[in-house]
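Each chain is listed here by its residues.
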Amino acid sequence: MKFKLKKTKITQSDWVSFILTLVATLFGVLVAIWLTNSEVRKKEKEDTVKLLQTAKRIVNNTFEYSENLNQALLSFEKDTVNYTKESISNLKTNNPIPYPNLLEGIVVNELVSRNISEYSHSSIYNCLINLRKLSSYATVEYYLKTLEEMIAMLDLEIELLNGKIDIQELESKIAVIRKELEVKYSSKNVLRVRSGD
């Protein structure tokens, strides 16, 4: 048994209608993809800001604890009646300068790495390397300075992600902050290296 197919002629208006439908469908799909990607990017930025705010709290807590610990031990060093070198050494051993380990986890998070600026990313990594090297009583002032720089960097990166500043403003503001920190920590305490640590 043989079937015969009818040959139908496609008119020009049918072609135009087909092409317009195809273009409209493609346009609709592209707009939907763009809107979805836009929402995903917006959500990623919001999540990155939340992680950076958590990182800032970690650094703030580390700074406050380290500063208070250092001030207490400096006052103990001055009180030679109640504290001997041995008791101070024991206090330092039992109460080391804390390193913000949780901060590393946040910084290496893929979401954070993908969404923060390259400038902030490398500056934060440099600060982390310095913090690891400086977390001792002999270099506590440098450690505190680096923590303050990290806090400023996180604040500025959050502003950048929220669209309040651009990358040039971030770089110029951090340069100013670094100069201010150089002045703030250029006391005799910074230059003094204590022995027996």
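In this convention, every chain numbers its residues from 1, walking through the sequence in written order. Totals for whole chains, interfaces and linings use every residue, but because this is a predicted model, local features are given only for residues with pLDDT of at least 70 and side-chain atom pairs only at 80 or more, for both listing and counting. Only hydrogens and water are set aside when side-chain values are computed; all heavy atoms of the structure are taken into account.

(A) View of the overall build of the chain. Helices and strands together make up the secondary structure of the chain, namely 8 helices and 0 strands. Each helix and strand of the chain, placed in order from N terminus to C terminus, yields the pattern α-α-α-α-α-α-α-α. When burial is assessed residue by residue, the chain has 31% of its 197 residues classed as buried. Contacts are residue-level and defined by heavy atoms, with any inter-residue pair within 4.5 Å sufficient. Long-range pairs, those at least 24 residues apart, make up 75% of the contacts in the chain between residues at least 6 apart in sequence. Looking at the chain as shown, the accessible area adds up to about 13,400 Å², and 58% of this sits on carbon and sulfur atoms. Starting at the N terminus, helices and strands are each numbered in turn, a helix being any DSSP run of H or I of at least four residues and a strand any DSSP run of E of at least two. A 1.4 Å probe rolled over the protein chains alone gives each residue an accessible area, and that area as a share of the maximum for its type sets the label: buried under 20%, exposed over 50%, partly exposed in between. In this description, accessible areas are obtained by the Shrake-Rupley approach with a 1.4 Å probe, and a residue is regarded as covered only by the protein chains that are shown.

(B) Expanded view of the confidence of the model for the chain. The predictor attaches a confidence to each residue, and that confidence, scored 0 to 100, is pLDDT. When pLDDT is averaged across the chain, the result is 85; 90% of the residues are at 70 or more. Per-element confidence in the chain ranges from a low mean pLDDT of 47 for helix α8 (residues 188-191) to a high of 95 for helix α6 (residues 140-161).

(C) Quick peek at the packing of α6 against helix α7 (residues 167-184). Simply put, an axis is a line fit to the C-alpha atoms, just over the touching stretch for a helix, and the angle between two N-to-C directions goes from 0 to 180 degrees. Following both chains from N to C, one finds α6 and α7 inclined at 160°, their axes separated by 10 Å at the closest point. Relative to α7, the element α6 lies roughly antiparallel. Taken as a pair, α6 and α7 cross one another with a handedness that is right-handed. Where α6 approaches α7, its residues Lys145, Glu148, Glu149, Ala152, Met153, Leu156, Glu157, Glu159 and Leu160 are matched on the opposing element by Ile167, Leu170, Lys173, Ile174, Ile177, Arg178, Leu181, Glu182 and Lys184. Reported orientations rely on four angle classes, namely roughly parallel under 35 degrees, roughly antiparallel over 145, roughly perpendicular from 65 to 115, and oblique for the rest. In this scheme the crossing of two helices becomes right-handed for a clockwise turn of the near helix relative to the far one and left-handed for an anticlockwise turn of less than a right angle.

(D) Up close: the side chain of Ser66. Looking at the element boundaries, Ser66 is found in helix α1 (residues 12-78). Residue Ser66 is classed as buried on the basis of its relative accessible area, which comes to 0%. At a separation of 2.7 Å, a polar atom in the side chain of Ser66 contacts the main-chain carbonyl oxygen of Thr62. In this structure, Ser66 is in contact with Ile97, Pro98, Tyr143, Leu144 and Leu147, ignoring residues within four places of it in sequence. Throughout this description, a polar contact denotes any pair of N or O atoms lying within 3.5 Å of each other; where both atoms belong to protein, one of them has to be capable of donating a hydrogen while the other can accept it, and for residues adjacent in sequence the pair is counted only when both atoms sit in side chains.

(E) View of the nonpolar core. Grouped together as the largest cluster of nonpolar side chains are 40 residues, with contacts concentrated most on Leu103, Ile124 and Met150. Counting only elements with at least two residues in this core, the list comes to α1, α3 (101-107), α5 (118-134), α6 and α7. Residue contacts for Leu103: discarding those within four places in its chain leaves Ala55, Ile58, Val59, Leu128 and Met150. What we call a nonpolar core is a set of buried Ala, Val, Leu, Ile, Met, Phe, Trp, Tyr and Cys residues that are connected through their side-chain atoms within 4.5 Å.

(F) Here's a closer look at α5. By definition here, a helix of n residues has an expected span of 1.5 Å times n minus one. With 17 residues, α5 extends 24 Å between its outermost C-alpha atoms, agreeing within 8% with the 24 Å of an ideal straight helix rising 1.5 Å per residue. Among all positions in α5, only Ser120, Ser123, Ile124, Cys127, Leu128, Leu131 and Leu134 are buried. Projected onto a plane normal to the axis of α5, the buried residues spread over an arc of 145° and lie on a single side. When the buried face of α5 is taken as reference, the exposed residues oriented beyond 90 degrees from it are Glu118 and Lys133. The arc in question is the one spanned by the directions pointing from the helix axis to the C-beta atoms.

(G) The packing of aromatic side chains, seen in detail. Aromatic pairing here means that ring centres of Phe, Tyr or Trp (its six-membered ring) are within 6.5 Å. Orientation follows from the plane angle: under 30 degrees is stacked, over 60 is edge-to-face, and everything else is tilted. Inspection of every chain in the model, using the stated rule, returns 2 aromatic pairs. Ring geometry for Trp15 against Phe18: centres 6.2 Å apart, planes inclined by 85°, an arrangement best described as edge-to-face. Of this pair, Trp15 and Phe18 both sit in helix α1, separated by 3 residues, roughly a single helical turn. Judged by relative accessible area, Phe18 falls into the partly exposed class, the value being 48%. On the numbers, 4.2 Å between centres and 25° between planes, the contact of Phe76 with Tyr83 is stacked. The exposure class of Phe76 is partly exposed, given its relative accessible area of 21%.

(H) Region of interest: the pattern of salt bridges. Salt bridges are counted wherever a side-chain nitrogen of Lys or Arg sits within 4 Å of a carboxyl oxygen of Asp or Glu. As enumerated under the stated definition, the model contains 10 salt bridges in all. Lys56 is the salt-bridge partner of Asp155, the closest N and O atoms lying 2.7 Å from each other. With Asp155 in helix α6 and Lys56 in helix α1, the pair connects residues that are 99 residues apart, well separated along the chain. Take Asp155: its relative accessible area is 28%, and that puts it in the partly exposed class. The partner of Glu110 in a salt bridge is Arg114, and the shortest N-O contact between them spans 2.8 Å. On the criterion of helical spacing, the pair formed by Glu110 and Arg114 is a turn pair, its members being 4 residues apart in helix α4 (residues 110-115). On the accessibility criterion, Glu110 (58% relative accessible area) is exposed. Residue classification places Arg114 among the partly exposed residues on the basis of a relative accessible area of 44%. Salt bridges here are not isolated pairs; linked through shared partners, they connect Glu44, Glu110 and Arg114.

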